[in-house]
Amino acid sequence: MEAISAKATPVMRFADKLRTQQELERLQAKYIGTGHPDTTSWEWKTNIYRDTYSSIVGHPPLLSYLALAQNEPVAKVRADMIRKMLQPAGPPPPREDDMAVAIPQTRNDS
Amino acid sequence: MAATSNMFMYSLTIQAPSTISQALVGQFSGTGGQQIITASGSRLTLLQPDAKQFKVDTLLSQDIFGIIRAISSFRLAGSHKDYIILATDSGRIAIIEYMPKTNRFERIHLETFGKSGSRRVVPGQYLAADPRGRACLIASIEKNKLVYVLNRNAQAELTISSPLEAHKHGVLVLSLVALDVGYSNPVFAALELDYSEADLDPTGQARGEAETQLVYYELDLGLNHVVRKWSDTVDPTSSMLFQVPGGNDGPSGVLVCGEENVTYRHSNQEAFRVPIPRRRGATEDPQRKRTIISGMMHKLKGSAGAFFFLLQSGDGDLFKVTIDMAEDSEGNPTGEVKRLKIKYFDTIPLATSLCILRSGFLFAASEFGNHHLYQFEKLADDDDELEFSSDEFPTDARALYTPVYFYPRPVENLILVQSMDAMNPLVDCKVANLTGEDAPQIYSICGSGARSTFRSLKNGLEVTEIVGEELPGTPSAVWTTKLARDDEFDAYIVMSFANATLVLSIGETVEEVQDSGFMSDVTTLAAQQLGEEGLIQVHPKGIRHIVKGRVNDWPAPQHRSIVAAATNESQVVLALSSGEIVYFEVESDGNLAEYDEKKEMTGTVTCLSLGKVPEGHKRSSFLAVGCDDCTVRILSLDPETTLEMKSVQALTAAPSSLSIMAMEDSSGGSTLYLHIGLHSGVYLRTVLDEVTGELTDTRQKFLGPKPTKLFQVSVQNQPCVLALNSRTWLGYTHPLTKAFMMTPLSYQDLNHGWNFSSQECLEGVVGIQANFLRIFKVEGLGDNLIQKSVPLTYTPKQLVKHPEQLYFYTIEAENNTLPPELQAKLLEQPNVANGDAKILPPEEFGHPPAKGRWASCISIIDPLGDEPSVLSKIDLSDNEAAVSAAVVPFASQEGESFLVVGTGKDMVLNPRQFTEGYIHVYRFHEDGRELEFIHKTKVEEPPMALMPFQGRLLVGVGKTLRVYDLGLRQLLRKVQADVAPQLIVTLQAQGNRIVVGDVQQGITYVTFKPDSHKLLPFADDSINRWTTCTTMVDYDSVAGGDKFGNLWVLRCPDKVSTETDEPGSEIHLTHARDYLHGAPNRLSLMTHFYTQDLPTSICKTSLVVGGQEVLVWSGLQGTIGVLIPFISREDVDFFQSLENHMRSEDPPLAGRDHLIYRGYYTPVKGVIDGDLCERYNLLPNDKKQMIAGELDRSVREIERKISDIRTRSAF
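Model, not experiment: these values are computed from the prediction.

Rules used in this analysis
- Each chain carries its own residue numbering, running from 1 in the direction its sequence is written.
- All chains are assigned letters beginning at A, and all ligands numbers beginning at 1, according to the order in which they are written.
- Under the rules for a predicted model, residues below a pLDDT of 70 receive no local features and side-chain atom pairs below 80 are neither given nor counted, while totals for whole chains, interfaces and linings still include all residues.
- Water and hydrogen atoms were dropped before computing side-chain values, which therefore reflect all heavy atoms in the structure.
- A run of DSSP states H or I qualifies as a helix once it reaches four residues; a run of E qualifies as a strand once it reaches two. Both are numbered from the N-terminal end.
- Any residue under 20% of the maximum accessible area for its type is buried, any over 50% is exposed, and the rest in between are partly exposed; the area is computed with a 1.4 Å probe on protein chains only.
- Contacts between residues were defined by any pair of non-hydrogen atoms, one from each residue, lying within 4.5 Å.
- Every accessible area reported is derived by Shrake-Rupley at a probe size of 1.4 Å, with residue values counting cover from the shown protein chains alone.
- The set of buried Ala, Val, Leu, Ile, Met, Phe, Trp, Tyr and Cys residues whose side-chain atoms join them within 4.5 Å is what this entry labels a nonpolar core.
- UniProt positions are given in the numbering used here, feature names are shortened, and annotations may be inferred rather than shown by experiment.
- For every residue, the predictor reports its confidence as pLDDT, a number between 0 and 100.
- Within 3.5 Å is the distance limit for a polar contact, defined as a pair of N or O atoms, with the added protein rule that one can donate a hydrogen and the other accept it, and that residues adjacent in sequence qualify only through two side-chain atoms.
- Between the first and last residue of a helix there are one fewer steps than residues, each counted as 1.5 Å, and that sum is the expected span.
- Paired rings are identified among Phe, Tyr and Trp, the last through its six-membered ring, by centres lying within 6.5 Å, and are further divided according to the angle between planes into stacked (under 30 degrees), edge-to-face (over 60) and tilted (the rest).
- A ring has a charge above it when a Lys NZ or an Arg CZ is no more than 6 Å from the ring centre and no more than 35 degrees off the ring normal.

**Points about the overall build of chain A**
Along the backbone of chain A there are six helices and zero strands. Its helices and strands taken in sequence order, chain A reads α-α-α-α-α-α from the N to the C terminus. The buried share of chain A, reckoned over its 110 residues, is 31%. Put simply, 48% of the contacts in chain A that link residues at least 6 apart link residues at least 24 apart. For chain A, the exposed area adds up to about 7200 Å²; of that, 60% sits on carbon and sulfur atoms.

Below you can see the structure in the form of structure tokens.
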């Protein structure tokens, strides 16, 4: 058994990797917020905030709890929560290639 | 295994949630009448409005063990019955049909589409069904939309297609409706917000430019395909859509509602916009814009294009919105919209859903507080209220326009006909026995704003008194009789005194009857209509039989007297003082014939019962004889075996009363029972086998300290048992759950009772209470909790009780509300016009809002009194709001108790901000009827938790736990320590141990070392719990609830507990090393359970007479539940396997897996769901048998166990 598997290892490893990669991509497309190795802190935060707001909207007692404390109609709190999902953690950080354009020296150095 | 624990609880709901998150009207029974279906928490309830009696009855209420997020209904073309679609957290779409015959919901389709749970991208948040019943769309908040095509197959059965996708990445949905397009392809309209551009733009510019879009999704029925057909930008504040009738009825399209904006939109029409009128008044901010929070469209019968909208603004004002259509040359409306008009209609409490019924009623499901049923007086067609038309306003809400105003006024168009009690939001709850009855009552604070209430709840049935008349003497017993067998109503009331008998006639007036033939100078033992037209009176010396005025006397044998008698329409049984039983039967000629033999009993007979003659039989075939040797014997009365003994049952005490009576059982059929009342106050119900006369399956309940007396009465066409003890009880089968219930009546304690039936009162009860004759009727059997409420001023936050006196104190606070002092100032201003100065009653119109202001007060409540009321209130000034309260006895003041209230100034809830925090101290005066302000002490933060601790005050200020003593000018700080990670919200203490609940990080155990004056945290929680309430179960354990709807019990390990209490352990504790950034030790989880509702209070108490202590919790949605601890392992095993069988045999209606649902956040541990187990009663017989077989027990035994566990500890 061991010998066979050892022989097959390089092929399997490549196929496995590909399959994992594909599976991950599929999950990322299906479930928003599925992480990847380069998830930035902003992405993660934005995603958690959005999940939180949508969870509050999806659990009627939590929504009532907030509405009661704020003395606002439930429908208004619900709409506010969904609007907050638009950009809950501020604008995204500038992208690296944008940065590169902005600071050309870095590219020269490398 | 997570489910094993050495602590087991049985969770039961004693009051179902009363919130309504959505209500729909439709013809669910298919018989033409309209019903209302409501979603409240995890419950689906069907209500039947009764147009004649102006009320709404509950037909069916079922826990679906899942969160109902949206409901919708649809009707297939040509059908007369509406189906219900449920969107829940099960990741499945369920189509439900109501079966009126069996009174059940039946699931027709269940289609899985995604993961379970309320997730961002799993559809379930929005649901819309095509008005012609051809398709439905189920959508998530973000991205996903699925369309299901609904159709009918050749067998006329409903079919559902596989889902068609209409997903779009990066899109948030704010509102979703189906368009009315007649019979063209179904179209759904969604209000969407696209974040994909904002996510890519680091400058933040795209976020500011993000537009709200109205998007149409068309289902092409021919191609079986969904397309994004049309989209257009709408006002960025828009948040709600309403369907506009289409086809032949109107122009189709939607109303888009946003901030001060109602706009008509459709793909082929121009936009028309009207603003939402603002309230005019001295206390109103003229700049404040309103939004629409709920509403509904109603089509009037008859002419095409006759429809209107009732839209409600955030203040509760209803506006009537109508659409004018352009007319063609012949004056018929075309499909083209000309203008939109809006006018003020009426003001009602904020509603989550409005339903207009064809019978002219409006059902308003309130967001908070009682739900209301209104009747339409008129439709505001021709009143002098100003109407605003879209002709005068630009279509762009951002363009300049003059806002419009109206004067709110009391309701004119609607009449309130019924207010349905609703406890949501239930903020705090205390169990106490203030009335001195044997069982405690529940006192709670609920509601929001000016509609807040203090409510007392008592287990009992509502009773209406018809007659309450004082009598010259004190009768010992009372009966009613008819005069002839075929009479419909009772004619006589017979009352027995010490040595007299009084006969009264029932009619328009109640008068004494002289010529009844009854002996008036003896005490009566029984009175009965017998045979065709006979009457008998049993007295200690014999029987008097009266037929058509002819009197026959049967004397008792010499030197013996009659001690007990039982009669029915054709039989009479007497027990003599010698222990002999004499039996009579009516012959066909109406004469009474004595059976030759007398049966001798071993002991003295204390009571007898015959039972009614069963329908179609000549006689009742059993006689029950109770003797003072603590036995009940069943004797046969069949002609062949007359007076032969069939069975005998030994009892724990001598029987005081017996009643053989058939009652409805859980299968819907009827079972013969022997009801036994004992001298010890216990009530027993035993099944009497109709063939063999054997007694099996005994259930018991302790009713009170006196001997129990039993009588048969009829309530709602159901034979019920009236049991008299220190209170009056009624035993009946619950109309919905089919469980046998024993509930006290909310009435005086009677000495004797009897059934009463007359023209005016078909199903009454006549009773003797001391020297009063009372006739009353029981109102209904559905609700066994009686509510009484006292209105409060603002949203209540906490309830505390005076330590000795029977008064309650509430702290109330309302955010963004104009406090009374500012209100007075505004009203005094010279420029206030006459009409503006009118103050509207806040109960109907709400308190005037003011951004950033707080209105807060402390109320003193007298919960008993004739009229429970608020005795007085203290308003807090300076934008301070009360956040916590406690009654604290200070040792330094010789144990005098003070009311301590924590406040915060200029608080902002999110993110948490404040300028100052205070602790106010009040002294009680006049036995607690008044409060005197002593002083206030400034603290760093608003203190969220206060409690008495060893004659001093324990305060949680932010992360700090602090002990204060009372000084002359302020509180004096004694000890303090930082113990919680974030914010202390709950405190509990026993001895030197303090349990601190953190708003986010769960529980920390702290020990107080009096010698070294130190507060030392020594154990905390392993996971975050967003604690809302806690109570100590014992010295080591704490039970609590969190914001996400979980209930849990945590325990400190034994070793840690003993070590910390050892003298000198402070050195060890101060130097103990932190374990993983927390306290040195961890608490262990004993039980965990998801309740769906948000627990707001929990306490350990007993609820019934002689019952064990249980955990009573209250939930925000109005739920009251109990957790009953199991004592024996056997019971645990039994209920665990029953629960398992129930999960598979009666899976939740909406397809949620029960085990996963109860373990929503953390796997359920050590708790058995009693609500699921109790559904056993409602299973069909074959399933009951099957489960019983699997459990190796009989069906009756299982039903008894289920009923026992409830009746022993709760109601």
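**Describing the nonpolar core**
All names here are of chain B. Among the nonpolar cores identified, the biggest contains 68 residues, and Leu214, Val254 and Phe454 are the most heavily contacted of them. Those residues in contact with Val254 that sit more than four places away from it in its chain are Val177, Leu179, Ala189, Leu214, Tyr216, Leu241, Phe242, Val244, Thr263, Tyr264 and Arg265. If you look at the next biggest cluster of nonpolar residues, it comprises 45 residues, including Leu12, Phe65, Leu457 and Val1122.

**Observations regarding the UniProt feature "domain: RSE1/DDB1/CPSF1 C-terminal" (unreviewed entry) in chain B**
On the UniProt side, "domain: RSE1/DDB1/CPSF1 C-terminal" (unreviewed entry) is annotated at positions that read residues 855–1176 of chain B here. For residues 855–1176 of chain B, the end-to-end C-alpha separation is 49 Å, with 12% helix and 50% strand making up the annotated structure.

**So, the confidence of the model for chain A**
Any region with low pLDDT has predicted coordinates that should not be read closely. All names here are of chain A. Chain-level statistics for chain A give a pLDDT mean of 80 and a share of 76% at 70 or above. Ignoring residues within four places in sequence, the model shows residues 1–8, a span with pLDDT below 50, making zero contacts including any to other chains. Between residues 101–110, whose pLDDT stays under 50, and residues either more than four places distant or in other chains, the model counts one contact.

**Some points on the side chain of Thr733 of chain B**
Residue and element names in this part refer to chain B. Tracing the sequence through the fold places Thr733 in strand 61 (residues 728–733). Within polar-contact distance, the side chain of Thr733 engages the backbone oxygen of Glu664 at 2.9 Å. Not counting residues within four places of it along the chain, the set of residues in contact with Thr733 comprises Met663, Glu664, Gln718, Lys738, Ala739 and Phe740.

**Brief notes about helix 2 (residues 41–58) of chain A**
Between its first and last C-alpha atoms helix 2 of chain A spans 25 Å; for 18 residues at 1.5 Å apiece the expected length is 26 Å, and the two agree. Residues of helix 2 of chain A that are buried include every one of Trp42, Thr46, Asn47, Arg50, Tyr53, Ser54, Ser55, Ile56, Val57 and Gly58 of chain A, and no others. Here the buried face of helix 2 of chain A lies against helix 3 (60–70) and helix 4 (74–84) of chain A together with strand 6 (68–74) and helix 1 (196–200) of chain B.

**Overview of the packing of aromatic side chains**
Following the criterion strictly, the structure yields 35 aromatic pairs over all chains and no others. Ring geometry for Tyr10 of chain B against Phe1126 of chain B: centres 5.8 Å apart, planes inclined by 80 degrees, an arrangement best described as edge-to-face. Of this pair, Tyr10 of chain B sits in strand 1 (residues 9–15) while Phe1126 of chain B is found in the loop between strand 90 (1120–1125) and helix 7 (1129–1145), placing the two residues 1116 residues apart along the sequence. For Phe1126 of chain B, a relative accessible area of 13% gives the class buried. On the numbers, 5.0 Å between centres and 80 degrees between planes, the contact of Phe1134 of chain B with Phe1135 of chain B is edge-to-face. With a relative accessible area of 4%, Phe1134 of chain B lands in the buried category. Through pairs of rings, three or more aromatic residues link up here, namely Trp1026, Phe1044, Tyr1090, Tyr1157, Tyr1160 and Tyr1161 of chain B. For the cation-ring pair, Lys115 of chain B lies above Tyr31 of chain A, with the distance from its terminal atom to the ring centre recorded as 4.4 Å. Here the guanidinium or amino end of Lys320 of chain B rests over the ring plane of Phe308 of chain B, the centre of that ring lying 5.2 Å away.

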